[in-house]
Amino acid sequence: MSRVFNFGAGPSTIPLEVLEEAQENLVDYKGEGMSIMEASHRSKMFDDVHMEALALIRELYEVPEDFEILFMQGGASMQFALVPLNLMQTGVAQYVDSGVWSQKAIKEAKILKINYEVVALSYDNIPEILNLNDKADYVHITSNNTIYGTQYREFPKTKAPLVIDASSDIFSYEVDWSKIDLMYAGAQKNAGPSGVTIVIIKKDLLNRFSDNTPSMFRYKTYADNNSLYNTPPTFGIYMLNLTMKWIKKQGGIKALQKANEKKAKLLYDAIDNSEGFYIGYAKKDSRSLMNVSFNIKDSGLESEFINLATKSGLIGLKGHRSVGGIRASIYNAMSFEGVKTLVEVMEKFASEKSS
Ligand SMILES: *Cc1c(COP(=O)(O)O)cnc(C)c1O
C-alpha cells in the first residue's frame, strides 16, 4: 500500500489507524452482523458510539459542564446563518473580517438583515478589535483563517458572547473556555470526515431564538434531544469517535499542540531560511500552525514546484483559488515525517533553481 502525504485543506488527511479500524469493522461491526452505517440511530449499537464521542470531546477538550456539545449537519457554512438566527436580540452583532470564511459569515448576517458591524479587518495578520461593544448580542471571530494562514494566539476578552468559527483548528490546542460562548467546526479538517458539524455552546444561550425559528434551526432542539431529534450523520459520528480515541492515544490535545508547534516550526523555518526564495504570506506573530500559505518569489515556478511535490507523493499543495500560491495544511493528522518530506522537497527545489 502506498499512501500519499495529503496537505489538502479539507476534507483532509485522516489518521491511518482510524481508517484501518473503520475498514476492519465496516461490514461486520464488532460481531453485530452489520455495519454501523446500517444501524438505527436509536439502537444501543449506535448510542454507545454517540455517547462515547460526546464524552471524549468533553474529556479531551476539557469542555466545562455549562456547555452543551451538539452534533449537527450543514457544515460551518450553515452555522453562519444559525448563529444570528439563534443569538440575535435587539442589539448589534460585531464581526471580525479576517479572511474568506469570515466574509461568508458576514454575508449571511447581511442576507438575514440583522444589525451588524465589521469591527476589524485584516488578512495577513490577526487584527485587534478596537471598539468592542459590551452590549453586543455577540462578537464573531474565525480562530484560524484556513486560506490566508493566520491564527489567533489568544482570543479577545469580550463581555458580549464570543462566537468562534474553529473549523480549521478545533482540537489542535488547548483553549480557554472562560472566554468562549459558542464554538463551531465542520469535522472534515481536524476531526474526521465531512458531514458532522460540532457545536459547543454555553447553555445560557440556548433560549434566545425567536418563536418563528424552525425546529431544525434551533440549537435548543439539538440540546434537548441529545442531537438525536432526527437522524444524525451516524457514520460521521462514528469516525469522529475513532478520531477522538486516536487523539487520546497521542497523549491528548496538549501533546498534539506540541507536535503541531514542532511541525509548523520546521516548515516556517524552511521558508525563513530560504533567503527570500519562499515568502510566507502571514505576518510572523499571526502565523497559523494549521495552514502554511506561501509564495515562491518567482511565481512562475509555482506550478513546477507543485509538480515536483506531486511526484514525491505530496499532494494538495496548491493555494486556494482566491489567493493562489502554495498552501500546506498540516492538521493534527499530518505526521512530522510528512512535513519533513515537504521541507526536503522545498530545499531541493530552491537549491536547483538558485544555482
Ligand atoms: C472549511 C471552513 C469552513 C467551511 O466549512 P463547511 O463545512 O464546508 O461549510 C468555514 N470556516 C472555516 C474557517 C473553514 O476552514
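The structure we're discussing is the one just above.
The paragraphs below set out a description of the structure included in this document.

About the cut-offs
- Residues numbered from 1 in each chain as written.
- Predicted model: local features only at pLDDT ≥ 70, side-chain atom pairs only at ≥ 80, totals over all residues.
- Heavy atoms only, no water.
- Pairing = 2+ DSSP bridges.
- Helix = DSSP H or I, 4+ residues; strand = E, 2+ residues; numbered from the N terminus.
- Axes fitted to C-alpha atoms, helices over the stretch in contact; angles between N-to-C directions.
- Contact = heavy atoms within 4.5 Å.
- Near = heavy atom within 4 Å.
- Polar contact = N/O pair within 3.5 Å; in protein donor to acceptor, adjacent residues only side chain to side chain.
- Nonpolar A, V, L, I, M, F, W, Y, C, P; charged D, E, K, R; others polar.
- Core = buried A, V, L, I, M, F, W, Y, C linked by side-chain atoms within 4.5 Å.
- Buried < 20%, exposed > 50% of the residue type's maximum accessible area, 1.4 Å probe, protein only.
- Salt bridge = Lys/Arg side-chain N within 4 Å of Asp/Glu carboxyl O.
- Expected span 1.5 Å × (residues − 1).
- Bend = angle between axes of the 7 residues up to and from the residue.
- Phe/Tyr/Trp six-rings, centres within 6.5 Å; stacked < 30°, edge-to-face > 60°.
- Lys NZ or Arg CZ within 6 Å of the ring centre and 35° of its normal.
- Parallel < 35°, antiparallel > 145°, perpendicular 65-115°, else oblique.
- Left-handed = near helix turned anticlockwise from the far one by under 90°.
- Patch = residues over 30% accessible without salt bridge, like charges linked within 9 Å, V, L, I, M, F, W, Y side chains within 5 Å.
- Areas by Shrake-Rupley, 256 points an atom, 1.4 Å probe, with all protein chains shown as cover.

Concerning the sheet that holds strand β11 (residues 278-280)
In space, the 3 strands of this open sheet follow the order β11-β12-β14, with antiparallel pairing throughout. The strands lining the two open edges of the sheet, one partner per strand, are β11 and β14 (326-329). Between one strand and the next, the sheet's axes are offset by a mean angle of 35 degrees, whatever the strand orientation. Pairing of strand β12 (residues 291-296) with β14 involves 4 bridges; the strand directions are antiparallel. Opposite V292, over in β14, you have A328 as the bridge partner. Running over the sheet, helix α7 (residues 253-272) touches β11, β12 and β14 and is turned about 15 degrees from β12.

With respect to the site of the ligand
Close to the ligand lie 13 residues, the nearest being S77, T146, D165, Q188 and K189. Here an oxygen atom of the ligand and a side-chain polar atom of K189 are 2.7 Å apart. Considered class by class, the residues forming the shell around the ligand number 3 nonpolar, 8 polar and 2 charged.

Here we look at the nonpolar core
Counting 58 residues, the largest nonpolar core has Y61, F71, F171 and I198 as its most contacted members. Ranked by the residues each element gives to this core, the list is headed by helix α2 (residues 44-61), at 9 residues. Among residues more than four places away in sequence, those in contact with I198 are I69, L70, F71, I170, F171, M183, Y184, A185, A187, A191 and L240. Counting residues in hydrophobic clusters, the runner-up holds 30 residues, among them F7, A309, V343 and V345.

As for the pattern of salt bridges
A complete count under the given rule lists 14 salt bridges for this structure. Taking the shortest distance from any N to any O, the salt bridge between E59 and K248 comes out at 3.0 Å. Separated by 189 residues along the polypeptide, E59 in helix α2 and K248 in helix α6 (residues 234-249) bring together distant segments of the chain. Judged by its relative accessible area of 43%, K248 is partly exposed. Several salt bridges converge on common partners, so that one network encompasses D272, K284 and R287.

Digging into helix α3 (residues 75-87)
Here α3 spans 18 Å end to end across 13 residues, near enough to the 18 Å set by a 1.5 Å rise per residue. The sharpest bend along α3 comes to roughly 30 degrees, located at A81, with the proline P84 sitting one to four residues further on.

Focus on the packing of aromatic side chains
This model, assessed by the stated rule, comprises 16 aromatic pairs. Ring centres of Y123 and Y148 lie 5.0 Å apart, and the angle between their planes is 0 degrees; on these two criteria the pair is classed as stacked. Here the residue Y123 occupies a position in the loop between β4 (116-121) and β5 (138-142), and Y148 occupies one in the loop between β6 (144-145) and β7 (150-151), the gap between them amounting to 25 residues. Of the residues examined, Y123 reaches a relative accessible area of 22% and is grouped as partly exposed. Here Y148 falls in the buried class, since its relative accessible area comes to 12%. Members of the aromatic cluster, joined through ring pairs, are F277, Y278, F294, F305 and F349. Lying over the aromatic face of F336, K262 brings its terminal NZ or CZ to 4.6 Å of the ring centre.

Things to note about the environment of A9
Among the secondary structure elements, A9 is positioned in the loop between β1 (5-6) and α1 (16-24). When the C-alpha atoms of A9 and N273 are compared, they prove to be 25 Å apart, with 264 residues separating the residues in sequence. Residues contacting A9, with those up to four places away along its chain left out, are T146, K189, R327, S329 and Y331.

Description of the pairing of strand β2 (residues 67-72)
The buried fraction of β2 amounts to 5 of the 6 residues, a majority that puts the element mostly inside the structure. As paired strands, β2 and strand β10 (residues 197-202) are joined by 6 bridges and run antiparallel to one another. Paired with E68 across the bridge in β10 is I201.

Concerning the packing of α3 against helix α4 (residues 100-111)
Packing of α3 against α4 brings their axes to within 8 Å, and their N-to-C directions diverge by 40 degrees. Between α3 and α4, the crossing angle belongs to the class labelled oblique. Judged by the twist between their axes, the crossing of α3 over α4 is right-handed. Every residue of α4 that contacts α3 at S77, F80 and A81 is listed here: W101, K104, A105 and E108.

Here's the deal with a nonpolar patch on the surface
Taken together, the side chains of L26, V27 and M37 make up a nonpolar region of the molecular surface, amounting to roughly 280 Å² of accessible area. Relative accessible area serves as the criterion here: at 35%, L26 is assigned to the partly exposed category.

Describing the sheet that holds β5
The strand order β2-β10-β9-β8-β5-β3-β4 describes an open sheet built from 7 strands, whose pairing is mixed. Only two strands of the sheet have a single partner each, and these edge strands are β2 and β4. Between one strand and the next, the sheet's axes are offset by a mean angle of 20 degrees, whatever the strand orientation. Where strand β9 (residues 182-186) lies against β10, 5 bridges are found, and the strand directions are antiparallel. Bridged to M183 within β10 is I200. Packed onto the sheet, α2 meets β2, β9 and β10 and runs at close to 135 degrees relative to β2. The sheet strands contacting α3 are β2, β3 (93-97), β5, β8 (162-165), β9 and β10, and the helix crosses β9 at an angle near 155 degrees.

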